[in-house]
Amino acid sequence: RLPAGARIAFAYKAANNMYTAVVDNIKVEVIPTCAVPTDLAASNITDATAKLTWTSEAAAFKVQYTADKADWGAELDAATASYAIEGLNPNTLYYARVKAVCATENESEWTEEISFTTECAAVDMLDEDFSESIPECWKTSGTWSIDASSLKYNANAAGEITTVAVNVTKEEAILQFNIQNVYNGSSYRAGRVIVKAPEVEDFSTDFINSKDIATIQ
């Protein structure tokens, strides 16, 4: 703490031919009586919901979230250091911030905003021929591209691609796809297709050379 009327001085002593010093962005301000919350984070993110958590000793808070930082909207009340957000749009970037309410007319500054993106919504049916590009919301690892209206993997290493979730039950699901293994100049590379679904035993099949897999149910 600085006493009233205090002045701040900076001293610099050159040594070993170092004779330049730069001072910038000096700020002196009153210590706030209501501390800004820390560790703001978003978790449990789905296509429509998210949970905000933070750290603070305050007993009340204000929360804001938005997809447009030009319009933060209403200040929402929270009685604990967490807030469940509902009614979000899928596959959308959101921003959030929090401030503490320590007493009437005694609130902290807003935290630095954080951002999070909601998950993509599940689809009722999936029918993709790769005529244009890898669909939005599909997840990939490795070097994938679209080649002659088909999905192509461009590296001699492991790679994965995951579709958007399909909202069907085990009894309703039929999977159809075609695989052509690529010749690398000396031998055909073996590969594996793995199909996973909640509460359903995983299906997997190895393939060598070219192989068409018609229907898996």
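Scroll up a little and you will see the structure.
The structure reproduced in this document is the subject of the present report.

What counts, and where the lines are drawn
Residues numbered from 1 in each chain as written. Predicted model: local features only at pLDDT ≥ 70, side-chain atom pairs only at ≥ 80, totals over all residues. Heavy atoms only, no water. Pairing = 2+ DSSP bridges. Helix = DSSP H or I, 4+ residues; strand = E, 2+ residues; numbered from the N terminus. Axes fitted to C-alpha atoms, helices over the stretch in contact; angles between N-to-C directions. Phe/Tyr/Trp six-rings, centres within 6.5 Å; stacked < 30°, edge-to-face > 60°. Buried < 20%, exposed > 50% of the residue type's maximum accessible area, 1.4 Å probe, protein only. Lys NZ or Arg CZ within 6 Å of the ring centre and 35° of its normal. Disulfide = S-S within 2.5 Å. Patch = residues over 30% accessible without salt bridge, like charges linked within 9 Å, V, L, I, M, F, W, Y side chains within 5 Å. Areas by Shrake-Rupley, 256 points an atom, 1.4 Å probe, with all protein chains shown as cover. Salt bridge = Lys/Arg side-chain N within 4 Å of Asp/Glu carboxyl O.

1. Focus: the sheet that holds strand β5 (residues 82-85)
Ordered by their spatial adjacency, three strands build an open sheet running β1-β2-β5, and the pairing between neighbours is antiparallel. Here the strands that pair on one side only, and so sit at the sheet edges, are β1 (38-43) and β5. Neighbour-to-neighbour, the strand axes of this sheet turn through a mean angle of 15°, independent of strand direction.

2. What to know about the packing of aromatic side chains
Counted by the stated rule, this structure contains two aromatic pairs. Ring centres of W54 and F61 lie 5.3 Å apart, and the angle between their planes is 75°; on these two criteria the pair is classed as edge-to-face. Take W54 and F61: they sit in the same class, and that class is buried. Pairing Y94 with F116 gives two aromatic rings, centres 5.9 Å apart and planes at 20°, and the pair type is stacked. Taken as a pair, Y94 in strand β6 (residues 93-103) and F116 in strand β8 (residues 114-117) lie far apart in primary sequence, 22 residues in all. With a relative accessible area of 5%, F116 lands in the buried category. Its guanidinium or amino end placed over the ring of Y95, K69 lies 4.7 Å from that ring's centre, counting from NZ or CZ. A cation sits over an aromatic face here: R97 above W110, 4.7 Å from the ring centre.

3. Thoughts on the pairing of strand β2 (residues 50-55)
Across the two faces of β2 the burial differs, with A50, L52 and W54 buried and K51, T53 and T55 not buried at all. Across four bridges, β1 lies against β2 in antiparallel orientation. What sits directly across from S43, in β2, is K51. Hairpin remark: β1 followed by β2, antiparallel, with six residues in the connecting loop; positive phi at N44, about 50°. With four bridges joining them, β2 and β5 adopt antiparallel strand pairing. For T53, the partnering residue across the bridge sits in β5 and is S82.

4. Considering the state of the cysteines
Disulfide: a covalent bond formed between the sulfur atoms of two cysteine residues. By the definition in use, this model includes two disulfides. Here C34 connects covalently by a disulfide to C102, the sulfurs 2.0 Å from one another. An S-S torsion of about 85° defines the bridge between C34 and C102 as right-handed. With C34 in the segment before β1 and C102 in strand β6, the pair connects residues that are 68 residues apart, well separated along the chain. Judged by its relative accessible area of 37%, C102 is partly exposed. Covalently, C120 is tied to C137 through a disulfide, its sulfur atoms 1.8 Å apart. The S-S bond linking C120 to C137 shows a torsion near -80°; that makes this disulfide left-handed. One end of the pair, C120, is in the loop between β8 and β9 (139-141); the other, C137, is in the loop between β8 and β9, with 17 residues separating them in the sequence.

5. Topic: a nonpolar patch on the surface
Judged by side-chain polarity, L2, I8, F10, V23, I26 and V28 come together as a nonpolar surface patch covering roughly 620 Å² of accessible area. For L2, the position within the fold is in the segment before β1.

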